[in-house]
Amino acid sequence: AIVDGRKDLRLPYADGDIHDGVYSPIMSVNRIFREHGHHFIYDFDTLRQFLEKSGFVDVKKEMYSTGRDSGLLIDTAHREIESLYVEASKPVH
């Protein structure tokens, strides 16, 4: 959608994040952080670098409900749109 001549870039569930008629995606990010007690947000590149620095290999972005270990596929579908799924392996020595 176009709002005020700009593409509307609202994050999921953003309707409650509008304050005094103003909205930007960071307002949704802040709500999510406050409501769920988060301290840091990772994008794939940042998380990949930390995993590789810690010795993990084969770091790749996954999608909801996909991965090599079905026992770890425990997220719920309603969180898919706001989640980052990453899979990595520790090398066998």
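Residues numbered from 1 in each chain as written. Predicted model: local features only at pLDDT ≥ 70, side-chain atom pairs only at ≥ 80, totals over all residues. Heavy atoms only, no water.

S.K.: Got a minute to help me understand unusual backbone geometry in this structure?
M.R.: Leaving glycine out, the prevailing phi sign among residues is negative, and the prevailing peptide bond configuration is trans. You will see that Asp-58, though not glycine, has its phi angle at about 55 degrees, which is positive. Mapped onto the elements, Asp-58 comes out in strand β3 (residues 57-62). On the basis of relative accessible area, Asp-58 is assigned to the exposed category, the value being 54%. A positive phi angle is found at Ser-65, which is not glycine, with a value near 65 degrees. Tracing the backbone through its elements, the reader meets Ser-65 in the loop between β3 and β4 (85-89). (Helix = DSSP H or I, 4+ residues; strand = E, 2+ residues; numbered from the N terminus. Buried < 20%, exposed > 50% of the residue type's maximum accessible area, 1.4 Å probe, protein only.)

S.K.: Is there a simple way to think about the pairing of β4 in this case?
M.R.: Along any regular strand the residues' side chains alternate between the sheet's two faces. Side chains Tyr-85, Glu-87 and Ser-89 project from β4 onto a buried face, and the interleaved Val-86 and Ala-88 project onto a face without burial. Sheet topology places β3 next to β4; four bridges connect them, and they run antiparallel. Residue pairing across strands places Val-57 opposite Ser-89, the latter belonging to β4. (Pairing = 2+ DSSP bridges.)

S.K.: Just checking my understanding: could you explain the layout of surface pockets for this structure?
M.R.: Where empty space is left becomes clear once a probe the size of a water molecule has been rolled over the atoms. When its volume is computed, the largest pocket comes out at roughly 1100 Å³. Considering the residues around the largest pocket, the lining is formed by 33 residues, among which Arg-79, Glu-82, Ser-83, Leu-84 and Tyr-85 are closest to the centre. Listing elements by their share of the lining of the largest pocket, those giving two or more residues are α1 (25-36) and β4. When its residues are assigned to classes, the lining of the largest pocket shows 19 nonpolar, seven polar and seven charged. (1 Å grid on protein atoms, 1.4 Å probe; cavity = no way out; pocket = protein on both sides within 12 Å on 5 of 7 lines; lining within 4 Å. Points joined across faces, edges and corners; volume = space filled by probe spheres on them. Nonpolar A, V, L, I, M, F, W, Y, C, P; charged D, E, K, R; others polar.)

S.K.: Hey, could you run me through the packing of aromatic side chains in this one?
M.R.: Each aromatic ring pair is characterised by the separation of its centres together with the angle its planes make. Summed over the entire model, instances satisfying the criterion amount to three aromatic pairs. Pairing Tyr-42 with Phe-50 gives two aromatic rings, centres 6.3 Å apart and planes at 85 degrees, and the pair type is edge-to-face. Relative accessible area serves as the criterion here: at 48%, Phe-50 is assigned to the partly exposed category. Taken together, the ring pairs in this structure connect Phe-40, Tyr-42 and Phe-50 into an aromatic cluster. (Phe/Tyr/Trp six-rings, centres within 6.5 Å; stacked < 30°, edge-to-face > 60°.)

S.K.: Help me understand α1 in this model?
M.R.: Note: α-helices contain 3.6 residues per turn, so residues at a spacing of three or four share the same orientation. The terminal C-alpha atoms of α1, which comprises 12 residues, lie 17 Å apart, in line with the 16 Å expected from a rise of 1.5 Å per residue. Following α1 by one or two positions, Gly-37 adopts a phi angle in the positive range, close to 70 degrees. (Expected span 1.5 Å × (residues − 1).)

S.K.: Sorry if this is basic, but what is going on with the environment of Ser-54 here?
M.R.: Locating Ser-54 in the fold gives a position in the loop between α2 (44-53) and β3. Placed 36 residues apart in sequence, Ser-54 and Lys-90 show a C-alpha to C-alpha distance of 9.0 Å. Among the polar contacts made by the side chain of Ser-54, one reaches the main-chain carbonyl oxygen of Phe-50 at a distance of 3.0 Å. (Polar contact = N/O pair within 3.5 Å; in protein donor to acceptor, adjacent residues only side chain to side chain.)

S.K.: Explanation requested: the side chain of Asp-17 in the structure shown.
M.R.: Within the secondary structure layout, Asp-17 lies in the loop between β2 (6-7) and α1. A relative accessible area of 3% places Asp-17 in the buried class. At 2.7 Å, the side chain of Asp-17 and the side chain of Arg-31 are in polar contact. If we ignore the near neighbours within four places in the chain, the residues touching Asp-17 are Val-22, Tyr-23, Met-27, Ser-28 and Arg-31. (Contact = heavy atoms within 4.5 Å.)

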